[in-house]
There are 2 protein chains.
Amino acid sequence: MALCIAVDAMGGDNAPNAVIQGAISALESADDPLQILLFGPTDRVQPLLDEAGVSSDLPLKLVDAPDVIEMTDSPAAAVKKKRESSIHLGLGAHKKGDADAFISAGNTGAVMATSMFTLGRISGVERPSIAGYFPTLRGFSIVVDIGTNVDCRPEHLVQFARMASVYTQHVLGTENPSVGLLNIGEEPGKGNEQVKAAFDLLGEAEDINFKGNVEGSDLLDYAADIIVCDGFVGNILLKFGESMTTVLKKMTAQEMERQQLPPEDQQVVAGVLSEVSKGFDADHRGGAPLLGVDGNVMIGHGRSNADAIEQMIHATADLVRSNVVNELKDAFGE
Amino acid sequence: MALCIAVDAMGGDNAPNAVIQGAISALESADDPLQILLFGPTDRVQPLLDEAGVSSDLPLKLVDAPDVIEMTDSPAAAVKKKRESSIHLGLGAHKKGDADAFISAGNTGAVMATSMFTLGRISGVERPSIAGYFPTLRGFSIVVDIGTNVDCRPEHLVQFARMASVYTQHVLGTENPSVGLLNIGEEPGKGNEQVKAAFDLLGEAEDINFKGNVEGSDLLDYAADIIVCDGFVGNILLKFGESMTTVLKKMTAQEMERQQLPPEDQQVVAGVLSEVSKGFDADHRGGAPLLGVDGNVMIGHGRSNADAIEQMIHATADLVRSNVVNELKDAFGE
C-alpha cells in the first residue's frame, strides 16, 4: 500500500506555492508508492494546483482547511482557536490513520503544540523535542534540542539524547551513535548546574553511548553523532551556523573588491565557496523530526523552498518506514 | 611617569617564551613611556631573558615567583595553595600600586579567583565578568559574559551590560553603545525564564542603551555594540566562532582538491580567504578585560603568541589610561 503523507500547504514563508511545487516534485521523484494529502484553504490552493497543471493521475488530494495559522500566532491561541487549520486537520488525519505522517514548514510552536494535543506524547517522554542537522567537516551532527524546550532540567537532556540516539540509529542507520554534551570544557565537572548533573546522568544511562563533553570549538569538526543541549543554546547555535555562509559570501565579496581581483579570478573563488557553502545550507536537509510525540511529524525551516519541501517529504517517508515511533516506545519502556 | 604593567610570564600554552618575546616587542613599539614587571620563576625565566639579549636599558624587570599555576589547577586550589605564583605576586604588585595593571594568558579561573581575592570587587558588582571580542562583518561586537559566570540570574545579565557599556564607551570610545540580549527570537516575551526577566530589567535600566533581543543569526552581522548572555552560552559561541576559520580552510582545501584546481587558482582563493579569516582570528585582539574587580586586569587566550601578548600589553595600557575602574565605580554608584 502506498505510504501517505499529510502536508501543510500553508506552512512557511514561501507557502503555498513552494509547498505545492515540492509536493508535486516529490511524487514524481518517489521510488516507492507515495500519496499526498494536501491541507489548505481550497479557494486559495485549488487555483494554484490547476495552474500547475497537476495531472489527475498524480496521487495528490487537496483537503479543505479554511483556517490559516500565521507565523506570528501564539501556539496556545493557534491550538485553541484555529481548529480548521491545515495543521489541525493534517495532524487529525494522521491521528485517524488516514495519513502515515504530517509535515509543515509553518509556525513551529503551533505544530509542536497541536501535535502534543492531537497525537499525545509517547509514554515516558516528558518533553518532545525537535532535532536538527548541524553541518560539520564530515557530514551532519544531530543537535537536540534546537529551540522547543528552553528551560530544561538535566533529565530532559538525557531524554533528548535517548530520543536522538533511537532516531540516528533507526532512521539514519548509524550503529550505536555517539552522544556529546555541549559544554564549556572537556573535563568532567565543567559547566553550569544543568549540564554538570546531566553529565552524570548520561554516564549512567546504559542505552546511551555517551562520550563526554564537547566544546563549541569541536562542533564543526564532527565532535559526535549527536550533540545534546537545551533548546535555548541549540537554537542560537543553529541560527548562528546557518548565518555563516551568507556572511562569508559578503566578506569574500568585500575582500575581492578590495584586492581588485579580475572577474575570472572572482569566478574561481565563487566557484569554490559556493560548493563549500552548500554543506551549510539548511535547505539541503529538508526538515527536522519532532521526536517524542506519538506519531510521525517533520518540521521544515520557515524559509523552505520547493526543493526543501521535496527533500522533507522523502525524509518523512524514510521516517515512517523506519518505524521510529515504535522504537522510541521500546526505548522509553512503554 | 611611565605606566607599569605586571605580566604573568608563565601564562598560556606558549609561555614563557611567547610572553617574553611579546613583552620585549611591546616595550620596543610603545609610543608612550612603559615599564614591565615580569613575574615568573627566576631560574626558568632569567636564562630566556639572557638568551633574548635583553638590553639593560629596556624597562623590564623580572620578579621571582617560584610557584607555577598550571592550566589544569582548580581556581580554588590555585588561590589557596600557590601564593608565590606569578598570578598572586603580579596581582599583589598591582594591589600595592607597584604596577598599574596585571595581565595573564594563563588559567582563567585562577586569574579570576585570585583577582577577586587580591583586588576585591567594585562595590555593587555581584559578579565580575570577562568581556570578549566577537568578529562581525563590521568590526567586533563585545560579548559579555564569555565563560566566567555560567549560572546567572537576570540581574547579573544587567550588570554585565552595564559594565560592558562603560568599557565600550570609555575604552573603545563608542558613544552610547547599543546592547542586544542574545535570545531565540526578536520579539519581547521570547526565550527562557532568565532572558525574559532580563529583557524587562534591561528595558528599565536608564543607563543602558538596550535595543532588544538579537538572534544567533544576527551576530555576525553586527547586531549591537554589546551582546549580553550568560557565560555558558557566551563561551560556546565564542569558541564556535573561533573554530570557523580553521574549518573553512580545511573545507576549502578539500573542495579545491576535488575540483582539481590549478596551483595558481588555489593561490588566488587562499589569498582571499586568509584575509577574510584574519578578522576572525582571536590572536589579533590580544586580550579580554576582566570587568568588575577593583583594578585593571586583562586576560589573554591560552593560545596567545608573542604578537597577541604585545597587543594585549598595549590594550592594557589603553585600559589604564581610560580610567575605566573609576568610571565603573561611578556607574555602580560607589
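Keep in mind that this is a model prediction, so the values were computed, not measured.

Novice: Explain the pattern of salt bridges to me, using residue names and the numbers behind them.
Specialist: All names here are of chain A. Per the stated rule, a full pass over the model turns up 26 salt bridges over all chains. Between K196 and E193 there is a salt bridge whose closest N-O contact spans 3.8 Å. Of the two residues, K196 and E193 are both situated in helix α7 (residues 193-204); the distance of three residues between them amounts to about one turn of the helix. Under the relative-accessibility criterion, K196 is labelled partly exposed at 31%.

Novice: Account for the interface of chain B and chain A, naming residues and giving values.
Specialist: Contact with chain B, which involves 51 residues of that partner, is made by 51 residues of chain A. Among the residues chain B hides against chain A, the three largest losses belong to L137, F232 and F240 of chain B. Together they make up 16% of the total. Remark: the boundary between chain B and chain A carries six salt bridges. For D221 of chain A, the salt bridge is made with K250 of chain B, and the minimal N-O distance between the two is 3.8 Å. Our enumeration of links across chain B and chain A arrives at eight residue pairs in polar contact (both at pLDDT 80 or more).

Novice: Give a detailed account of the relation of the copies chain B and chain A, specifying residues and quantitative values.
Specialist: Mapping chain B onto chain A calls for a rotation angle of 180° and an axial translation of 0.0 Å; the resulting RMSD is 0.1 Å. Taken together, these values place the two copies in the relation of a two-fold axis. When C-alpha positions in chain B are compared against the rotation axis, the closest is assigned to V269 of chain B, at 2.5 Å. Mapped onto chain A, 100% of the interface residues of chain B are again interface residues, and the two copies thus contact each other with one and the same surface.

Novice: Give me the lowdown on the nonpolar core, citing residues and values where you can.
Specialist: With 174 residues, the main nonpolar core has L181, L182 and V297 of chain A together with L181, L182 and V297 of chain B as its most contacted residues. Discounting residues that sit within four places of it in the chain, L182 of chain B has contacts with F232 and I236 of chain A together with V195, V214, E215, G216, L219, I227, V228, C229, V233 and L237 of chain B.

Novice: So, the domain arrangement of chain A: which residues are in play, and what are the values?
Specialist: All names here are of chain A. Looking at the assigned domains, one finds that chain A contains domain 1 (1-125 + 292-334) and domain 2 (132-283). Measuring from the centre of the C-alpha atoms in domain 1 to the corresponding centre in domain 2 gives 26 Å. Contact residues are listed per partner, giving 16 residues for domain 1 and 12 residues for domain 2. Both sides of the domain 1 and domain 2 interface together cover about 1300 Å² of buried area, and 66% of this is carbon and sulfur. Three residues, R303, E327 and F332, lead the burial of domain 1 against domain 2; their summed loss comes to 29% of the area buried on that side. Applying the counting criterion to the domain 1 and domain 2 interface returns zero salt bridges. Between the two partners, domain 1 and domain 2, sit three residue pairs in polar contact (both at pLDDT 80 or more). Within the residue set of the side of domain 1 that touches domain 2, elements represented by two or more residues are α10 (306-321) and α11 (324-331). Tallying contributions element by element places α11 first for the side of domain 1 that touches domain 2, with four residues.

Novice: So what about the sheet that holds strand β6 (residues 139-144) of chain A? Which residues, and what values?
Specialist: Residue and element names in this part refer to chain A. Reading across from one edge, β3-β2-β1-β4-β11-β10-β5-β6-β9-β7-β8 is the order of the 11 strands in this open sheet, with mixed pairing throughout. Strands with a single pairing partner mark the edges of an open sheet, and in this sheet they are β3 (60-64) and β8 (209-214). Here the average twist between neighbouring strands, direction ignored, is 30°. As defined by bridge partners, strand β7 (residues 178-182) adjoins strand β9 (residues 226-228) across three bridges and the pair is classed as parallel. Residue G180 lies in a different strand from β9, and its bridge partner there is I227. The strands touched by helix α1 (residues 17-29) are β1 (3-8), β2 (34-40) and β3; relative to β2, the strand with the most contacts, the crossing angle is about 170°. Strands in contact with helix α2 (residues 42-51) are β2 and β3; relative to β3, the strand with the most contacts, it is inclined by about 160°.

Novice: Please set out helix α9 (residues 263-278) of chain A residue by residue, giving values where relevant.
Specialist: The end-to-end C-alpha separation of α9 of chain A is 22 Å, in line with the 22 Å expected for 16 residues at 1.5 Å each. Those residues of α9 of chain A that fall on the buried side of the exposure criterion are D265, V268, V269, V272, L273, V276 and S277 of chain A. Angularly, the buried residues of α9 of chain A cover 160° about the axis, an arc narrow enough to put them on a single face. Those residues of α9 of chain A that are exposed and angled more than 90 degrees off the buried face are P263, E264 and Q267 of chain A. Tucked inside the fold, the buried residues of α9 of chain A contact α8 (231-258) of chain A together with α8 (231-259) and α9 (263-278) of chain B.

Cut-offs applied
Residues numbered from 1 in each chain as written. Chains lettered and ligands numbered in written order. Predicted model: local features only at pLDDT ≥ 70, side-chain atom pairs only at ≥ 80, totals over all residues. Heavy atoms only, no water. Salt bridge = Lys/Arg side-chain N within 4 Å of Asp/Glu carboxyl O. Helix = DSSP H or I, 4+ residues; strand = E, 2+ residues; numbered from the N terminus. Buried < 20%, exposed > 50% of the residue type's maximum accessible area, 1.4 Å probe, protein only. Contact = heavy atoms within 4.5 Å. Buried area = accessible area lost by both parts, 1.4 Å probe. Polar contact = N/O pair within 3.5 Å; in protein donor to acceptor, adjacent residues only side chain to side chain. Least-squares fit on C-alpha atoms with pLDDT ≥ 70 in both. Core = buried A, V, L, I, M, F, W, Y, C linked by side-chain atoms within 4.5 Å. Domains from an automatic or database assignment. Pairing = 2+ DSSP bridges. Axes fitted to C-alpha atoms, helices over the stretch in contact; angles between N-to-C directions. Expected span 1.5 Å × (residues − 1). Arc of directions from axis to C-beta.

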